[in-house]
Amino acid sequence: MLSVALGFIAGLVAWTFLEYVIHSWLGHLPKGKILISSEHLKHHADILYFTPLALKVRGAVPVLSILLLSTSALFGLAVGLGFISAVALGWVSYEWLHQSIHVNGPTNWYSRWAARHHLHHHFTRPNHNHGVTTPLWDLVLRTYERAPRVRVGRRHVATLPWLASGLNAGPVQPAFMADYDVI
Ligand SMILES: [Zn+2]
Ligand SMILES: [Zn+2]
């Protein structure tokens, strides 16, 4: 049981790094020359475009399989199963949080921070804030930029269905006034 728990904790940390690697090194650095990158840049061009689930699953299965095989070979099956469960949980949580930031908007202190952090990446600094669930690796790799307020261009307001009371040019909803400026 301890082995599963240790594997799980290691898997959670590993997921946060994998999230950074997928977004920054595979999503942005190749500038559209590989599938992950072209899909991610499509999301930047059309913020409500998300890679189809089937394609995500096709990419995730081999990654999870390799991680399970390698961690089990090195540390035993219990550690491997704990590790892979945490990576899978982190991955699903990341996908849910990312879509929720764009589609539903913030609902609590954590999603409020995550939305500011990620939307600052979209609208102001695409080379910063690659972590979505945590700023950990942005801080370690010096790509973190604090986003106390997010500046959203007027033409992007309609892509955040929760932000303003009217499409395109309506005023920012009172709940989000402290965090967002429409410019
Ligand atoms: Zn996004
Ligand atoms: Zn990005």
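Refer to the preceding data block for the structure.
No experiment lies behind these values; they were computed from the predicted model shown. Each residue is numbered by its place in its chain's sequence as written, counting from 1. Just so you know, chain letters begin at A and ligand numbers begin at 1, following the order they were written in. Thresholds applied to this predicted model are a pLDDT of at least 70 for local features of residues and 80 or more for the giving and counting of side-chain atom pairs; totals over whole chains, interfaces and linings are not thresholded and use all residues. Excluded from the side-chain calculations are hydrogens and water; all other atoms, namely the structure's heavy atoms, are used.

Engineer: Help me understand the packing of aromatic side chains in this model?
Structural biologist: When we look at a pair of aromatic rings, we describe it by the centre distance and by the angle of the planes. Two rings from Phe, Tyr or Trp (for Trp, the six-membered ring) form a pair when their centres are within 6.5 Å of each other. A pair whose planes differ by under 30 degrees is stacked, one over 60 is edge-to-face, and the rest are tilted. In this structure the tally under the stated criterion is ten aromatic pairs. On the basis of an interplanar angle of 70 degrees and a centroid distance of 6.0 Å, the ring pair of tryptophan 109 and tyrosine 110 is categorised as edge-to-face. Each residue is assigned to one of three classes by its accessible area relative to the maximum for its type, calculated with a 1.4 Å probe on protein chains only: buried under 20%, partly exposed between the two thresholds, exposed over 50%. The partly exposed category is assigned to tyrosine 110, whose relative accessible area is 30%. These aromatic residues form a ring-pair network of at least three members: Phe17, Tyr20, Trp25 and Trp137.

Engineer: Hey, could you run me through the coordination of the zinc ion (ligand 1) in this one?
Structural biologist: By definition of the ideal shapes, a tetrahedral metal site with four donors has angles of 109.5 degrees and an octahedral site with six donors has angles of 90 or 180 degrees. Around the zinc ion (ligand 1), the protein contributes the donor atoms His43 (NE2), His98 (NE2), His102 (NE2), His118 (NE2) and His122 (NE2), at 2.0 to 2.2 Å from the metal centre. Going along the chain, you hit the donors of the zinc ion (ligand 1) in the pattern H-x54-H-x3-H-x15-H-x3-H. Of the two residues, histidine 98 and histidine 102 are both situated in helix 4 (residues 77–103); the distance of four residues between them amounts to about one turn of the helix. For the pair histidine 98 and histidine 102, a shared accessibility class is recorded, and that class is buried. The donor set covers N, O and S atoms within 2.8 Å of the metal, switching to 3.2 Å for Na, K and Ca, and it leaves out water, so a site may look short of donors. Helix and strand assignments come from DSSP, with helices taken as H or I runs of at least 4 residues and strands as E runs of at least 2, each series counted from the N terminus.

Engineer: It is not clear to me how the pattern of salt bridges should be interpreted in this structure. Could you clarify?
Structural biologist: Pairing between side chains becomes possible if they bear opposite charge and their charged atoms approach one another. Note on definitions: salt bridges are taken to be side-chain nitrogens of Lys or Arg within 4 Å of carboxyl oxygens of Asp or Glu. Enumeration according to the criterion identifies six salt bridges in this entry. Notably, a salt bridge pairs lysine 42 with glutamate 39, separated by 3.3 Å at the nearest N-O pair. In this pair, lysine 42 and glutamate 39 are both assigned in helix 2 (residues 35–45), three residues apart and thus about one turn of the helix distant. Judged by relative accessible area, which is 42%, lysine 42 ranks as partly exposed. Salt bridges sharing partners connect three or more residues here, namely Arg112, Arg116 and Asp179.

Engineer: Please explain the layout of surface pockets as it appears in this structure.
Structural biologist: Where empty space is left in the structure can be found by rolling a water-sized probe over the atoms. In this analysis, the protein atoms alone were mapped onto a 1 Å grid. Cavities are point sets where a 1.4 Å probe fits without being able to get out; pockets are open sets with protein on both sides within 12 Å along at least five of seven lines; lining residues have an atom within 4 Å of a point. Grid points are joined across faces, edges and corners, and a volume is the space filled by probe spheres set on the points. When its volume is computed, the largest pocket comes out at roughly 550 Å³. For the largest pocket, the lining is made up of 23 residues, of which Ile22, Ile36, Thr51, Lys56 and Glu95 are closest to its centre. Within the residue set of the lining of the largest pocket, elements represented by two or more residues are helix 1 (2–28), helix 2, helix 3 (53–75) and helix 4. Considering only residue class, the lining of the largest pocket consists of twelve nonpolar, seven polar and four charged. The calculated volume of the second largest pocket comes to roughly 260 Å³. Lining the second largest pocket are 13 residues, with Leu53, Lys56, Trp91, Val92 and Glu95 positioned closest to its centre. When residues of the lining of the second largest pocket are traced back to their parent elements, those giving at least two are helix 3 and helix 4. When grouped by side-chain class, the residues that make up the lining of the second largest pocket number nine nonpolar, two polar and two charged. Residue classes follow a fixed rule: Ala, Val, Leu, Ile, Met, Phe, Trp, Tyr, Cys and Pro count as nonpolar, while Asp, Glu, Lys and Arg count as charged, and any other residue, Gly among them, counts as polar.

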